[in-house]
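Residue-level listing of the chains:
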Amino acid sequence: MIQIDDKIVSRDILEVKFCCDLAQCKGICCVEGNAGAPLEIDEVDILETEYENYKPYMTPEGIASIEKNGFMVVDEDGDYTTPLVNNAECAYSVTKGGITFCAIEKAYKDGKTSFIKPISCHLYPIRLATFNNGYIGLNYHRWDVCSGALANGRKLGIPMYKMLKEAITRRFGEEFYNDLEAAAEMLKQGNNDTDL
């Protein structure tokens, strides 16, 4: 683990080669799992405020789930998560050409909403955990559905944190990303004393 200010970062995020390959995985992370994607508290309000902007991109089943369950549900751990359709795919997902995408992100790319998508989805496979002291842990969530991303990352030589630069910067800022990059460089050079 590496500490950067109040963030505790798994070394895997800096060292594991990982690059999403939608042609391989078909966006299955939006479909599989035992709960919806984690949501931060402020995202619930954003999802509600922006609903009419991304709603046209959603499936009828997703819309029905939102209108029945609301913009978030509380999972068995007491965390806010995205609602599901038939206890499977995220209510905000849509499938085109056999690949599952985020309807919100599609609306964002078309300039219809200012919200990209929930940060937990943008950061995946990084998962965040908040500790009692207020520190935030950044952990690599290993899942066999991402085997194609691991193979693609190795082939391209892209470490996870570089693939996720936009998401990491969105959540934690450019200075934190630069510190992360410096920590990765120190690890490459064999310096394990990486408290920044």
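Residue numbering note: each chain is counted from 1, following its sequence as written. Under the rules for a predicted model, residues below a pLDDT of 70 receive no local features and side-chain atom pairs below 80 are neither given nor counted, while totals for whole chains, interfaces and linings still include all residues. The side-chain quantities take in all heavy atoms of the structure and omit both hydrogens and water.

### Some words on the overall build of the protein chain
Note on conventions: DSSP H or I runs of at least 4 residues are helices, E runs of at least 2 residues are strands, and numbering of each starts at the N terminus. What the protein chain contains, in helices and strands, is eleven helices and ten strands. Every radius of gyration here is taken over C-alpha atoms, with the globule rule written as 2.2 Å times N^0.38, N being the number of residues. Computed over its C-alpha atoms, the radius of gyration of the protein chain comes to 17 Å, within 12% of the 16 Å expected for a compact globule of 196 residues. Reported as C-alpha extents along the three principal axes, the dimensions of the protein chain are approximately 55 × 40 × 35 Å. Burial classes follow relative accessibility: with a 1.4 Å probe on protein chains only, a residue under 20% of its type's maximum area counts as buried, one over 50% as exposed, and anything between as partly exposed. By residue count, 41% of the 196 residues in the protein chain fall in the buried class. The contact rule is simple, with two residues in contact once any of their heavy atoms fall within 4.5 Å. In the protein chain, of all internal contacts separated by at least 6 residues, the share reaching a separation of at least 24 is 63%.

### Overview of the side chain of E50
One can find E50 in the loop between α3 (41-49) and α4 (51-54). Only four residue types enter the tally: Lys and Arg on the positive side, Asp and Glu on the negative side; His and the chain ends are excluded. Note on definitions: salt bridges are taken to be side-chain nitrogens of Lys or Arg within 4 Å of carboxyl oxygens of Asp or Glu. No salt bridge forms around the buried E50; measuring N to O, its nearest opposite-charge neighbour R170 is 11 Å away. Discounting residues that sit within four places of it in the chain, E50 has contacts with K112, T113, S114 and F115.

### Some remarks on helix α8 (residues 147-156)
Among all positions in α8, only G148, A149, N152 and G153 are buried. Taken around the axis of α8, the buried residues stretch over an arc of 135°, which confines them to a single face. More than 90 degrees from the buried face of α8, the exposed residues found are R154 and K155. The first or second residue beyond α8 is G157, which carries a positive phi of 70°. Regarding the arc, it is the one traced by the directions from the helix axis to the C-beta atoms.

### Description of the packing of aromatic side chains
Under the pairing criterion, centres of Phe, Tyr and Trp rings, with the six-membered ring standing for Trp, must be within 6.5 Å; the plane angle then separates stacked pairs below 30 degrees from edge-to-face pairs above 60, leaving the rest tilted. Under the criterion given, the structure shown has seven aromatic pairs. Relative to F71, the ring of Y51 has its centre 5.1 Å away and its plane inclined at 80°; by these criteria the two rings are edge-to-face. Of this pair, Y51 sits in helix α4 while F71 sits in the loop between α5 (60-69) and β3 (73-74), placing them 20 residues apart in sequence. The exposure classification of Y51 matches that of F71, with both residues buried. When the centroid spacing of 5.1 Å and the interplanar angle of 50° are considered together, the rings of F172 and F176 count as tilted.

### Brief notes about the confidence of the model for the protein chain
A score between 0 and 100, pLDDT records how confident the predictor is in each residue. Across the protein chain, the average pLDDT comes to 91, with 97% of residues at or above 70. Looking at the elements of the protein chain, mean pLDDT is at its lowest for helix α2 (residues 22-25), recorded as 86, and at its highest for α4, recorded as 97.

### Remarks on the side chain of K7
Of note, K7 is situated in strand β2 (residues 7-9). Within the local environment of K7, its side chain forms a polar contact with the side chain of D6, the two groups lying 2.6 Å apart. Apart from the residues lying within four places of it in its own chain, the contact partners of K7 are I2, I136, L138, F172 and F176. A 3.5 Å cut-off defines polar contacts: any pair of N or O atoms within that distance qualifies, except that in protein one atom must be a possible hydrogen donor and the other a possible acceptor, and neighbouring residues in sequence count only when both atoms are side-chain atoms.

### Remarks on the pairing of strand β9 (residues 126-130)
Consecutive residues of a regular strand have side chains that alternate between opposite faces of the sheet. Paired strands, as defined in this entry, are two strands with at least two bridges between them according to DSSP. In terms of strand pairing, β9 meets strand β10 (residues 136-140) through five bridges, oriented antiparallel. What sits directly across from R127, in β10, is N139. Between the end of β9 and the start of β10, which pair antiparallel, lie five residues, with G134 showing a positive phi angle near 90°.

### Focus on the pattern of salt bridges
This model, assessed by the stated rule, comprises eight salt bridges. For the salt bridge of R11 with E15, the shortest nitrogen-to-oxygen distance reads 3.1 Å. Here E15 and R11 lie together in helix α1 (residues 11-15), a separation of four residues that amounts to about one turn. Across the salt bridge formed by K117 and E105, the nearest N and O atoms sit 3.0 Å from each other. Of the two residues, K117 is situated in the loop between α6 (103-109) and α7 (119-123) and E105 in helix α6; the sequence distance between them amounts to twelve residues.

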